[in-house]
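A closer look at the structure
Listed here are the chains, written in short residue letters.
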Amino acid sequence: LVMARTTAFASFDWVMAVDFRFFSTMWGVWYFSGGMTTSLSFVILILAALRLSGRLTDCVTKEHFHDLGKLLFGFTVFWAYISFSQYFLIWYSNIPEETIFFAVRLENGWENMFAFLAFGHFIAPFFILLIRNVKRSTAGLALISIWMILMQVMDMIYVIRPMTGDAEGGGGFMTIWLDIAGAAAVLCLFAGLIIRKVGASPLVAVNDPRMSEALRHKNYV
């Protein structure tokens, strides 16, 4: 409950409030869906890197990656559902305070990113993650995770950058390096924290009564 509230209000204050004219009752859920997709992608990448370094080889198996792949697939669909629902409700109600958000993003070149996000954030990963072998492949799932993180970064650019350009939503492309630097800074800080934690504490829970059950986990679907 605390996470749901803080995530929603953070998205209001940090993202939606950049354009004072716009509001959406689905904004918190939309932000949460993208955050969950990115979080799962990071978990997959961290586990893949640990296995590549020789750690957790007996604890994290293809079965666990399979489950993570199914979760990533589910939240990919959830993101698409929430994004379409938000677009549909704004289009249907036709309130100027809401429609301005999409009006400025369907011109001046932003419409190309709109189409690319529909394909790259949903259609392509949807069909790829349907394949069982991809979800059970550490390398394949890691590549999809990298792609999903890039799509989330592009989604944030698509949402935020038109608000910081001119009144028609154009501009912003000349300062795209700020988006790259901002995202890279956060990722580097997070990577540093993870590396520090990995070397300072055990990676497997000690005396966990359900550990043996978790290690015997199997996927039948």
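Structure's up top.
Presented here is a report on the structure given in the accompanying data block. (Residues numbered from 1 in each chain as written. Predicted model: local features only at pLDDT ≥ 70, side-chain atom pairs only at ≥ 80, totals over all residues. Heavy atoms only, no water.)

Quick word on the nonpolar core
In this structure, F22, W27, W30, F101, M113, Y158 and V159 are the most contacted members of the largest nonpolar core, which totals 20 residues. The element that contributes the greatest number of residues to this core is helix α7 (residues 138–164), accounting for five residues. When near neighbours in sequence (up to four residues on either side) are disregarded, V159 contacts V15, W27, W30, F101 and R105. By size, the runner-up hydrophobic cluster in this structure holds 17 residues, among which are L40, I44, V60 and V198. (Core = buried A, V, L, I, M, F, W, Y, C linked by side-chain atoms within 4.5 Å. Buried < 20%, exposed > 50% of the residue type's maximum accessible area, 1.4 Å probe, protein only. Helix = DSSP H or I, 4+ residues; strand = E, 2+ residues; numbered from the N terminus. Contact = heavy atoms within 4.5 Å.)

Thoughts on the environment of T38
Relative to the helices and strands, T38 is located in helix α2 (residues 27–52). Measuring from C-alpha to C-alpha, the distance between T38 and L72 comes to 8.8 Å, with 34 residues separating the pair along the chain. Residues contacting T38, with those up to four places away along its chain left out, are I149 and Q152. Looking at T38, its side chain comes within polar contact range of the main-chain oxygen of G34, at 2.9 Å. (Polar contact = N/O pair within 3.5 Å; in protein donor to acceptor, adjacent residues only side chain to side chain.)

Quick word on unusual backbone geometry
Non-glycine residue N94 carries a positive phi angle of around 55 degrees. As for its position among the elements, N94 is in the loop between α3 (62–93) and α4 (96–103). With a relative accessible area of 55%, N94 lands in the exposed category. Here the phi dihedral of N108 falls at roughly 55 degrees; this positive angle occurs in a residue that is not glycine. Mapped onto the elements, N108 comes out in the loop between α4 and α5 (110–129).

Considering the side chain of S33
By secondary structure assignment, the location of S33 is in helix α2. Look past the residues within four positions of S33 in its chain and what remains in contact with it is F78 and W79.

Digging into α3
Between its first and last C-alpha atoms α3 spans 46 Å; for 32 residues at 1.5 Å apiece the expected length is 46 Å, and the two agree. Trailing α3 by a residue or two, N94 shows a phi angle of about 55 degrees, which is positive. (Expected span 1.5 Å × (residues − 1).)

As for α4
Residues three or four positions apart in an α-helix share a direction because the helix packs 3.6 residues into each turn. If you check which residues of α4 are buried, you get E98, F101 and F102. When α4 is viewed along its axis, its buried side chains cluster within an angular range of 90 degrees and face the same direction. (Arc of directions from axis to C-beta.)

Some details on the environment of D58
Examined against the element boundaries, D58 turns out to sit in the loop between α2 and α3. You can call D58 exposed: its relative accessible area is 67%. Considering only alpha carbons, one finds D58 and I194, 136 residues apart in sequence, at a separation of 21 Å.

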